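One letter stands for each residue in the lines below.
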Amino acid sequence: MANYNVGSLIKRLRKQKGLTQEELAFPIIDRATLSKIESGKVMPNNKTLENLLEKLGFAPHKITDFFHDEEMADALKILNELDNLLTFQTYDQKDPVVSKIDDLIQQLENNEKYMQNELNRQNILILKATNAINKRSTSLEVRSILSDAIKITIPTFNIKNIRDYYLSKQDRTIISRLAVSYSEEGKTDKAVDIMYELKLNFDNHCIDNDEMGREYPTIIMNLARYLGEDDRLNEAIEVCDVGIKVCIKNHNLYRLPFILWLKAATLGWLGKAEESKKLFTQIVTVMELFEMHDHLIGLKEQAKVVLGIDL
């Protein structure tokens, strides 16, 4: 959080939440002190800052809570299991995995300690929306869940204003899921618009190199994919090049092969066979080096589809 101007950040988050200074300040501090903090005249101490951010729904989770509290330890185990199960793959409604996921989400909802935190309630909705995507629920159902989720932290959320908000990681996840729902509905132009807004949000607000290295490449990758689906191939190449530079600069070697993969396929669709083949061949070497065997199979299959060659 220290990478932002603390006062302006608190002011922006307060307005996103739809709170007056009086509503945010009470009972932590008086309104006049909050006004001085927001204007940069006063720096809050750590406890005050923690309390203000917690009231705004942005307090960082204290990992020690998971180890010292039995209820929260149980919640962490369930979340880890859900993370392994929710991997954006399509399940038949009768698949036992679907019942397992629904049961695990219900266990979290029954955990009173976990559900006391607004961000945890928001995370439950994200899990439900992700599972709804996996089950091929209607896009309207998915977006209804995601709308409820984003309004927990940004009550006045508007897709057109994405670039202007200060977003938490969960907010970005929700917005990315919104793009997925439009893509699944065949509205790739809408998915592109959302991901461009999310990219602009990072461009405008993120000054943390670690965060840029971790999350920005994923946003770039999804944007490039939707551009390809929307037949905006030259744009997709340009976006891939941005992602490649970010990955190299911030040492994100995991996302790099996938962005290169998107570029290679897009070059092939543009008829630039030699450039595409060269890049596909280079990616094979990278994936073999990092033992990404499952992904390597998919890469070779796509090279055959796009270029008609065996790598």
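Given the structure is predicted, the values throughout are model-derived calculations rather than measurements.

Let us now look at the pattern of salt bridges. Scanning the entire structure with this criterion turns up 18 salt bridges. The partner of Glu 118 in a salt bridge is Arg 121, and the shortest N-O contact between them spans 3.7 Å. Placement of both Glu 118 and Arg 121 in helix H9 (residues 118–134) is noted, with a separation of 3 residues, approximately one turn of the helix. Judged by relative accessible area, Arg 121 falls into the partly exposed class, the value being 32%.

Let's shift gears to the confidence of the model for the chain. Across the chain, the average pLDDT comes to 87, with 92% of residues at 70 or higher. When pLDDT is averaged over each helix and strand of the chain, the minimum, 41, is found for helix H5 (residues 63–68) and the maximum, 96, for helix H15 (residues 256–269). Ignoring residues within four places in sequence, the model shows residues 61–68, a span with pLDDT below 50, making 7 contacts including any to other chains.

What follows concerns the side chain of Ser 176. With respect to the helices, strands and loops of the structure, Ser 176 is situated in helix H11 (residues 169–184). Residues within four places of Ser 176 in sequence aside, it is in contact with Met 195 and Leu 198.

Take the packing of helix H1 (residues 6–17) against helix H3 (residues 31–38) next. To characterise two packed helices, one gives the angle between the axes of the helices and the distance between these axes. For the pair H1 and H3, the least separation of the axes is 7 Å and the interaxial angle reads 115°. Taking contact as the criterion, the partners of Gly 7, Ser 8, Ile 10, Lys 11 and Arg 14 in H1 are, on H3, Leu 34, Ile 37 and Glu 38. Grouping the constituent residues of the contact of H1 with H3 by class yields 3 nonpolar, 2 polar and 3 charged.

Conventions used here
- Residues numbered from 1 in each chain as written.
- Predicted model: local features only at pLDDT ≥ 70, side-chain atom pairs only at ≥ 80, totals over all residues.
- Heavy atoms only, no water.
- Salt bridge = Lys/Arg side-chain N within 4 Å of Asp/Glu carboxyl O.
- Helix = DSSP H or I, 4+ residues; strand = E, 2+ residues; numbered from the N terminus.
- Buried < 20%, exposed > 50% of the residue type's maximum accessible area, 1.4 Å probe, protein only.
- pLDDT = per-residue confidence, 0-100.
- Contact = heavy atoms within 4.5 Å.
- Axes fitted to C-alpha atoms, helices over the stretch in contact; angles between N-to-C directions.
- Nonpolar A, V, L, I, M, F, W, Y, C, P; charged D, E, K, R; others polar.

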